[in-house]
Every structure is written in C-alpha cells, then in structure tokens.
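Results of the structural survey
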Amino acid sequence: SRTTIARRERIIISHRQAEAVATRDALAKSLYSGLFDWIVLQLNHALLHKEAKGHHQGNWIGVLDIFGFEDFGQQNSFEQFCINYANEKLQQQFTQHVFKLEQEEYVREEITWSFIDFYDNQPCIDLIEAKLGLLDLLDEECKLPKGSDLNWCQKLYDKHLKKAKHFDKPRMSNKAFIIYHFADKVEYQAEGFLEKNRDLVNEEHINILRASEKFQLVADLVSTKGGLPAPPPAKKGKITMKHLPPKHKQPSKDHRKTVGHQFKESLCLLMETLNSTTPHYVRCIKPNDEKMAFTFEPKRAMQQLRACGVLETIRISSAGYPSRWTYPEFFQRYRVLMVSTEINRKDMKNTCATVVSRLIKDPDKFQFGKTKIFFRAGQVAYMEKLRSDKLRACSIMIQKHIRGWLMKKRYQKLKQLALWLQQRTRGILARRYLKWMRETKAATTIQKRFRGYLARSRYLKMRWTILHIQAWARGKFARIRFLQLRYEVKARLIQRAWRGYVARKRYWHEMQSIILIQSCWRRWLAKKELKKLKIQAKSVDHYKKLNIGMENKIIDLQRKLNDQNKESTELRKKVEVIQDLQSQVTVLKKTEEVAKVSSNKVVELEDEITKLKAELDLTKKEKQMLEEEGEIFKEEQEMLNSALKAEIDRLATENKDLLEKVTLQEEEMQAAHAAEKELEMQELEGELAQERSQHQQLIKDYARMEQRYENLRDEMTLLQQGKAGDIDSAVPSPRTHRRAGSDVSSVDMNSESGYGTTGKVDGEEQMSDLVEENKKLKNDISNLRQAVADSNTEEELVKQLDVLTEELMVRREEVLTLKTSMVDQNIENNDQWDKETMTDLDLYLYPPEYLESLNEDGELMQAYLTQKETNRLLEAQMQASKKNAEFQEQELRNEIAALKEENIRQQKLLGQNLQLTPEARIEANLQHEITRLTADNLDLREEVENHEKQCRRLKKQIKILMKRSNVQGGDQSALTPDAGSEPSPKEDEGGPHVKTKDDRVFMGMLEYRKEDEQKLIKNLIIDLKPKVAVNMLPGLPAYILFMCIRHADYIGDDNKVKSLLTGTINGIKRVLKKRNEDFETVSFWLANTCRLLHNLKQYSGEESFANQNTKHQNEHSLRNFDLTEYRQVLSDLAVHIYQMMIKIMESKLQPMIVPGMLEHEAIPGVSGGARPSGMRQRTQSLSDEMGGRYTLNSILKQLSVFHSIMTTHGMDPELVKQTFRQTFYIIGAGTLNNLLLRKEMCHWSKGMQIRYNVSQLEEWCRDHHLSDSGAIQSLEPVIQAAQLLQVNKKTEEDAKAICDTCKKLSSQQIIKILNLYTPVNEFEERVSISFIRMIQARLKERKDTQSTLLLDTKFSYPVTFPFNPSSLLLDSIQLPEALNVIFLRKV
C-alpha cells in the first residue's frame, strides 16, 4: 500500500498485484545499488592509508571489466543502449590514448613523421549526451505526466532524423530507432525505455528502511544511495578520494535524477579517472560461440576485433613505424649481417645506419631516432629473413665438411669389409656352381633317354589306334551315305508314280462332277422355259389386253438393269485401279517430298550463305564505325580525366594546408592553458572532496533522526485512533525482475552475443558427459591423423589399384592359357590306353580273369577299347555341338534385346523430333536415315557374305561327293580333311602361283589360311580386351588386319579380301553391341577403325595419299584391288562408333553437370546466402562435398579419364579435339538450361562461381593442349550468362554494354535471366522493370538464329576424319604372344 496526504488527512491506498510487484522490484534495485556503493567504499577505505591531513592518498591499480558492444537484433532495449553508449566513450578514450602514445614516442626520438588520421566517434556521442540528445529528450519525456515511449520516439524522429548522420529510422517500424555506432549500426526498440529510466521507488519504503535501528547497515545503504564516485588521482601518481556532496533535503519527484542521468554522470567520472591514469588494455577474443576446443571461426573473430576497435588501432599503428629497436639490441641481433669494415663499437648509431642503408634501399622504410631505429611494417621480417639465410649458409658449410670427413672414414671401412666378403663369397659360390653343373648334366642325360623311350612307345600305340579308328569310321560313314543315296533314288521313283496316279484320278473325278453339274443346270433351265411357254400359251390374249405396252416397259427396265450392272462392275474396277494409283501416288509423294526437302534445304543453305555474307559486310562496317567512335571517346575521356586529376590535386593541397594550420593553432592553445587548468582543478577538487564528506555525514544523521521522529508520531496516532495499517501487503510473485548493473549482461547462456559473457554448466553429470565425449573425439582425431600419416595419398592408392587390376587381368589370361594347355595335355594323355582307365563298373562286370579268357590274342580287348574311345569322341562332339547351340541361342537373345533397345531408342528419337523445329527435324531425320541406311547396308552385305559362304560350302560338298563316287575302293574313298578342302581360287582359275623369295625379306604382309579367318577375327577383335592392348603398339589390330588384306591383294584373292573386310566390320559391330556402355572398348575400336581407314587410304596407291609416304612405304601399296567402297563403309562405321562414344560420355557427365557447375561452390567464402555484418546469429558451415554429391573436380577428373583413355589407345588428335568440343557443348548447354530454369541460381555470387568453374575448364583445356579445338568457344553462352549476372544493370550504358557483350545469348535468354535475377544480400538490387524494357527495345533490332529459350542438348557437330598417315613401317611390326595369332605367317 501507499499513503497519500490530502488536506491534512492521510489516505492509505492498496496496490494491485502488478503495482505491488513493480514497487517491490524497484525497492530491491535500490537496495542493490546502495549495497554496491557501500562495498566499493569499504574496499577503498581498506586499500588506502591515511596521512596527516586526513586525505585518502596512495598509489593504486584499478581493473575495469566491462562488456563489449552488444546487438541482439530485434531485442535491443535500454540496457544495451547504456552499454553501447559506455563503449563509445571508452573507444574514444582508447583511440586518443593510442594516438597520443605514438605521437609522444616520435617526438621524443625526434624523427620526421606526418599526421595520422583516425576515426572520431564524437558525433555519435554528441547524439546521445548533448543538449536535446537522446538522453535529454528521454529525461524530458519522463517528467511529463502522460509521457510514453511512442511520443519519445516521435520526438527523436522530429529532432534527429535526416539531421544527424548517426541516427536513422527503420523502414517497417514506428517504435524503434537506429544508431550508427563505431562497430556497427544497432536497432533499438523504444518500448520500456521510460519505465526503466524513471526507476521510481516508494518514499514510504525508503523512510521505513532509513529508520531501521535493528539493521543499521540497511539504513546506511538507503541513506548513502547516490554514493561515492571513483576517486580521481592527485599529482605525481597520488590518488585522493573524493565524495559527492550530501543532499540537504530529500529530493522531490520532479527533481529526482533518472537512471540515464545517473549513468551519464557515472560515466563522466569514469572517463576523468581514466584520463588521469596510465591505462593498459586487454582485449578478449572468443574463437567460437559454442566453446568448442580446436575450433576457430575467422568471421566471428573479425567481428569482435572490429567491435573492440583493434583493427582501427592496427591501422593507426601501421600508418607510422610499428617496429623499433634500440641501437645495442639491433647491433647484437644483426651482427651476422655486418661486414668487418662497417663495425665501429664506439659509434653504434653510425654502424647500424650503415648496415640498414645497405640492406634496405628505400629510405622511407626506416627512421633513425636518438636511441632507436624505427621500421615500417614488414621490414623487420625482411631483416630476419636475411639473418636466417646467412646463418643457414654458415651452418650448411660447417655440416658439409664434417659430414664429408665422417663419410670418408665410413667408406674406407666398408670398402675393406666388402672386399673380404666378396673374396669369401665368390669362392663358396664357385664351388656350389660346379657341383650344380655336374648334377644337372647327369640328370639331363637320364631324363633325355627315359623321355625318348616314353614318347616313342606312346606315339606307336596312338598311331596304331588312330589308323584303325579312321578306317572303321570312314567305312561306316561311306556305307551310311551310300544307303541314304539309294533310299533317296527309290523314294523319288515311288513319289513320281504315286503323284501321277493321284493327279489323274483327281482330274477324272473333277471332269465327272462338272459334267453332272452342267447337265442338272441345263435340265432345270429347260423345265423352267417349258413352264413359261405353257403359261403363255394358255393366256396370251388376256395378257395382251390387260398389259398393253407393258412388254416395252419390262424390256426397258431389263435393259436399264443390265446397264446398271455393267456400270457397277466397271466402277468397281475403276475403284480398284484408283486405289492402286493412290498407293502409287502416296509413294511418289513421299519421294517427291524427300526430293523437295533436299532441294529446299539446298536453296535455304544458299540463301543463308548470301545473308551471312551481307551480315558480315554490315558487321565489318559497324566495327569500323565503332572503332572510330571508340577512339574519339577515348580521347575525350583522357582529356576529362587529366582535368579532373589536376583539380583534385589542387583541392587536396589546399585541404592539407588548412589542416596543418588548424592543428598548429590547436596545439598552441592547448599547451598554453593545460598547465593552469590542471593546477586550478586539483585545488578545487581537494576542497570540494573535503566539504562533501563533512556535509554528507551531517545530512545522514539528520535524516535518520527525522525519520525516527515521524515513525514514532505515526505509531502514536494509529494507536490512539485504533486503526491498523497493513504495512506489508505486497503479494509475492514467482516472477521477479532484477536490474542488471552496468557491468553485468542480461544475456543468458544460450545467447550467442555479448563480449566477455561467461556461462557455467549446471550439473556435474553433464560436465562429465561432455568431458568423456571430448576425450572420445580427441582419440578419434588422433587415430585419423595416424591413419593418414601411415597411409599413402589418394592418387598413389588409385595408381596402385590400377596396377593391381592390370596385373590381375594379365594373371587371369595366363591362368586361362595354362588351363587350355592342361586340358589339351589331359586329352592327349587320355587317348593312351592303360588298364587304369577302366572304370569300376567295367571291372565289376568284366573281371580280369574273364577278359583274359576271352582275349587270348588281345583282339577283343583292343576292339573294346577302340569302341570306348569312339564313344568318348562322339560324346565330346555332342557336348561341343550343345555348347555351340547354347551360344547361338544366347546370341539370338542378345540380338532380340538389342532390337528392343533400338525400337525404344527410335521411339524416343521420334518424340524428340516432334518437339524440334522443322529445319532441325529435317536435319535430324536425314542424319538418322543415313545411319539407318548405313547399318542396313552393312547387314545386307553380311547376309550376302553368308549366302556366298553357304554356296561355296555346298559346292565343296558336291565336289567331294563327285570325287567319292568316282573313286573305287574303301581305302581310297576315305579322304583326309586336307584333301577335301576347297581348292584355292588361283587353282580354279588357272592363275599364277605366289612365289616366295629366296632371301626371306619381310614384305610387310601376313599370310593365313582360309579356315583360320574366323579364328583371326575371334582372337583379334571379339576376345581382345582394351586393357590387354594397352601395353601393345597403338592401333596394332588395325595394322595386323591391313597386313592380312595386303597379302590377299598380293595373291589376287578377291573373295578372301571381301570375306576378311566383311568379317572385320561384323566383328567390330558385334563387340560394340555386347559392350555398348564400356567407354574404353568403344574408344579402342574407334581408334583402330580410324587407323584401318587411314591405312587403306595411305597404301591405296592414289597420288594424293602417296605423296605423304616414303619410298619404302609406297612399295607396300595395294596392287590389284580398289577398296574405295570399303573405305566408305569403314567411315560410316567410324561415325556410328563416334556417336556411341559421345552418348556414353554424355550419360556419365549428365548427373555431374548441375551439381558441379551450378550447385558446388568452388570459391570458399563467396556464398549467396551470407548474412550482413553485425548480426549475432550462429553461422553453420556447409560442407561443399557431401556423400553422393558431385563437384567441379568430379567433372575434371572424368574428363581427364576420357582424355587419358583416348590418348592411350592412339586416337587421332583431331578426332580427340572434335570429341571434347562436343562434350564441352553438352556441359555448357546443360548448365545454361538449368540456370534458365532455376530462380535461386540467378544472382551475383552464383555468376562469380560459374565464371570460376568455366575458367577451371579453360585451364584444363590448356593443360591438355585443347585450346584450338573449339571446346572453349562452345562455352561462350555460359560465360556470357555469368557476365550478365555480374555486370551493372541500371543505366542505358549498361544496357548497351549487355547487348554488345551477350552475342551468343538469344533475346529470350537475356530477358529470362534479368527477370530471374534475385538479390541474396543487402548489397545487391533487383533489376528494375524499366531497365528490362530498355533491353527489350535494344534487342528488337537483333536477328536471333535461335527461336527457343533452351539450348538443344541433342545438337551434335559434324564429325570428320582427316587423313593422318602413319610413319611406322609395316615390316617392322612384331606380333605379341598375348594376341594368340601364331597361325599368322610373315611373308
């Protein structure tokens, strides 16, 4: 409750709960403030000693610990305002102190120096504490009876908005204001300022506490509130304690000081104390806000350094001479750098000056004072570098001689020991080697004899068995064939007789049936006619009377009916003819449309060529005009720049002169009045402190006695009247508010702002958990570091993995070859007869005794074993045929799957073509039609070759049958496989035979048999793996195939040439169908196909190609056949393989383009979502490379893999350039299309990232010598789009620059990017609508060749295969064993 006196009556008013809580909190704050002042007073009394005059004097060291600059975003109130106001004052004092120390040092050493400029925050302090400042207006509003926060805020707007540069108003709020402090701008909420500034305390509560007799300390605290200021120092470091004058009477409500006024006075006293002492500063910088170990946040540290003013201090210090040495220290430190002639120990200054002048050429980098040398920033580091280099050279010289002497002694000892060991070891090895040679020779002789015996016996047994098996098998096959032929002849005779009988019988039966039908039909017609005649005979006259003229009508109707029937039949015939003609017309129309399209395309291309020529002439003229205008503009600009520079220099000199005059005047005035003011102030302050202490004690005693008197009087009156007042009626509330002192922050543990804030974790369990987790993390980090230190780098691991995989492939092939040789050896061993080969079943059914009784002469056992071997061979043939059938079935299934995929691909292509423009659709259709016709042509040729092979095989069988029918006897009828082979074309045609030379000179040809052709294609094309061919000569399969073709051409066998070339083409197609997704295989066969094509051209004998060969190479040219048609087929096949390779590269790069080029931030620190400075929020670091995400390095690595594979396989350099030109176009199109479709990507930072990524691709091209391939030019649209995101977009000149720069972008693309441009921070601005319209107006004059918004990702550059002759000689090529082509013979 509270008591009010009105007209000599005391009225007691009860408070509500909220009012009582506010009154209680105000009283608690007042007690806290008084307690703090009392503690300070007691500490000062305890620390200081008393002297004769009664003053508190003594030397002392004060520690001032305050919070730094605070900014809580949208929650800044009166407490943050006071803290930031104190920081402004302290920053001003700190800057002046540092500046003063620097100036005093330079003056004391008498060196030449210039004025150092520093930031002055006095306008911000004047805005707060000056007359009609923020605090003055706040106190004025607090005195008003109806003052409010909103009215005070409106007064601030009226007084300071647009008048003070450090004051501003938020855009979206009328209850807040912004102050630009030295560290950053802070937005304060005006709500609660008046209430916190008033800080009203009930007078009755103060009076009760003052009258307290039981607790004298409480009465002293309330009486001394307003307390003692910090003691200012006296002369010569002496400090005199002075107190505020006591109040003569209790202040009224109108004259009570506000919190802001008290804080201002306290801050002024603090500044006086700091100015009269020698302060030293300690800045505490937190590495992170989470208090984590080994974690440093540079951005957070920079914010603290800027807020503490350290950066400004460093700038001021760096502007002068931050590094300094005394002459003895400098001589002692850098004695190593001096020459003996320069040293003069009596004159250290001259010696140091000589050395410094010799080492540092720029005289502005150092100054010589009386006792010190002053250096600019960085010069001491340079001197230290020279000193360390000198010391290092001396140490190396000493180490060199000592190590040489040690190594020489060690070498002499090792040499003596090595000679002795070699002597002993060589003797032992010689004796062992002699013994080994004797044993080896003896063993070799024994093995030779025994192996010869075994081989002879095995050969004789095998020869005898094979001869009997062949005789029996050939006789049996001949008898079976003879019986089959006889059965076929008899069957033909029987079929001929039976078919004649059946035909005659059928003919006779049909003739009888026709005659019977004709007779029945004629009889029916005759009966019908007879009936009509009878009727007509009976009633002819009657019909004539009744139906006069009807006969003519019936005849006319009958005639009309016949005519209509004839017309209908004719019309039907015509309709059929018309339908046939329509089908023919549709076919002709299709052919006509194709012809028209091709003709129209030719006409359009000619028109485009003429247009391009005209545009080229116009552009040349415009370029000349622009160059002339540019030169004129440059001259005018240079003149304006020279004039402006002269004016700026003149104004700068005038300004500098004025500043120097002002500073001189101020220094003179300050020097004149400083001494007088200090003396007067010290005397006045001593007297004032003494009077204040005495007066304050009197007031305290008087107030306490007066309060006791009033309390006693009130109690007497209450007792007399019988009324009791509820004095302690304040209701306690669980919610309490404690006012924070000026040096305590109101921020809790979870806040991220406030300098110098400290927090304690409650609970020992949580602390122990954190300690354990920290230990675990440290152990994990140490384990990871140890693993990284012990392991190799990633590149070395990848190299080792590649080497191991290659070695694994080689070992697998060796195992396969060993397995095949072991199988062959086992088959040969199984062919031998032995009793051990008999199975258990044979021994059970036929015991040895029974077999010996039946086989007295050995014939029965021999026949049994022969039959058993025959069954085994038949079983092996059956297994082989079964495997062949399964293989063919698998091939058919693969072909069905390939056809399905081709069907799906054609459907996709059809859907894509429907979305294209008519011209692009026609080009795509022509390209697809060409590829389809090429594939069909190859398939037809393959079918023709198969038919020819079948015909030749049938002819061969006919010839064999003819020979067998002519030969008499069973032995002569059994022909060997070689005897039944097809004769060579030379023998059939009677041509000349191939003659071999006697000197055996290799002619660059390889000979093979006709039956080994499939084996050659299988080993050289189908089974050859690129990893095996890497270690061979690049293009070796192509060279081997061409050398085989040369031999066929040399002997004039056209069938052999056709068969080999067709088989080669089909084999390559077959391999590519199986491995159509393996880039290494496709690249390998593209390189070999091109090399075979170049070989056919190089050795074709044509003059255009022969001119680039040597004389020896021209001797290897083809002689008999012209393979121009096959060159075209190989060229078409190479185009098909190239398109397949581009498709594989696109499929691998497509998922990497968007993450690597757009989403990945290759430049650290340039982020589109960076927060502005001053925001105290937690910044979360985003990882650039997450699990499953691609980066720019992924694209570069994939491109390097492609390039290394192609170069390893020996692909033509021009073809490699064309491949990467197409690949870079795919990357650029994908990047630009995604940029046009994503709004969040269109901002300045992303443009910078894209330009950096493109520059990395350009650097990759330069490193791989692909600068002239056109790959970089294909990225021009992306480069221009990135430039468009980075340039200014405001004025008309900017619009002109954009139109001139973005030539590769269409109008739609430029407008789309400008519309999508989205700023991500406060430094960027959105593109205005007027600027976009300005761009549209300028782009109307441009003629865009591209009508769509997005780039065509299916566009492909035409590929060419320029002639690339090989300098390799064919006769120098060697055949490696890994190819398994031992059946080839060098000619």
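Since we're looking at a predicted model, the values are computed, not measured.

In this section: the overall build of the protein chain. What the protein chain contains, in helices and strands, is 39 helices and 12 strands. A total of 1387 residues make up the protein chain; the buried ones form 30% of that total. Within the protein chain, contacts between residues at least 6 apart in sequence are counted, and of these 75% link residues at least 24 apart. Approximately 95,200 Å² of the protein chain is accessible, and the part contributed by carbon and sulfur atoms is 56%.

Of all five residues that make up strand β6 (residues 176-180), four are buried, and the element is covered over most of its length. Of the pairings in the sheet, the one linking strand β5 (residues 167-168) to β6 comprises two bridges and is antiparallel in character. Each bridged residue has a counterpart across the sheet, and for Asp168 the counterpart in β6 is Ile178. As paired elements, β6 and strand β7 (residues 185-189) share five bridges and run antiparallel to each other. By the bridge assignment for β7, Ala176 is matched with Gln189. Taken together, β6 and the strand that follows it, β7, pair antiparallel across an intervening segment of four residues.

Counting through the fold element by element, Phe167 comes out in strand β5. For Phe167, a relative accessible area of 3% corresponds to the buried category. The sequence separation of Phe167 and Phe177 amounts to 10 residues, and the corresponding C-alpha distance is 7.4 Å. The residues contacting Phe167, other than those within four sequence positions of it, are Leu127, Leu156, Tyr157, His160, Leu161, Phe177, Ile178 and Tyr180.

Here the focus is the sheet that holds β6. Spatial ordering of the open sheet is given by β5-β6-β7, a layout of three strands whose pairing is antiparallel. Both edges of this open sheet fall to β5 and β7, since each of them pairs with a single strand only. With respect to the sheet, helix α5 (residues 149-160) is in contact with β5 and β6, its orientation differing from that of β6 by roughly 45°.

Calculation rules
- Residues numbered from 1 in each chain as written.
- Predicted model: local features only at pLDDT ≥ 70, side-chain atom pairs only at ≥ 80, totals over all residues.
- Heavy atoms only, no water.
- Helix = DSSP H or I, 4+ residues; strand = E, 2+ residues; numbered from the N terminus.
- Buried < 20%, exposed > 50% of the residue type's maximum accessible area, 1.4 Å probe, protein only.
- Contact = heavy atoms within 4.5 Å.
- Areas by Shrake-Rupley, 256 points an atom, 1.4 Å probe, with all protein chains shown as cover.
- Pairing = 2+ DSSP bridges.
- Axes fitted to C-alpha atoms, helices over the stretch in contact; angles between N-to-C directions.

Everything listed here is a matter of geometry and, on its own, says nothing about what the molecule does.
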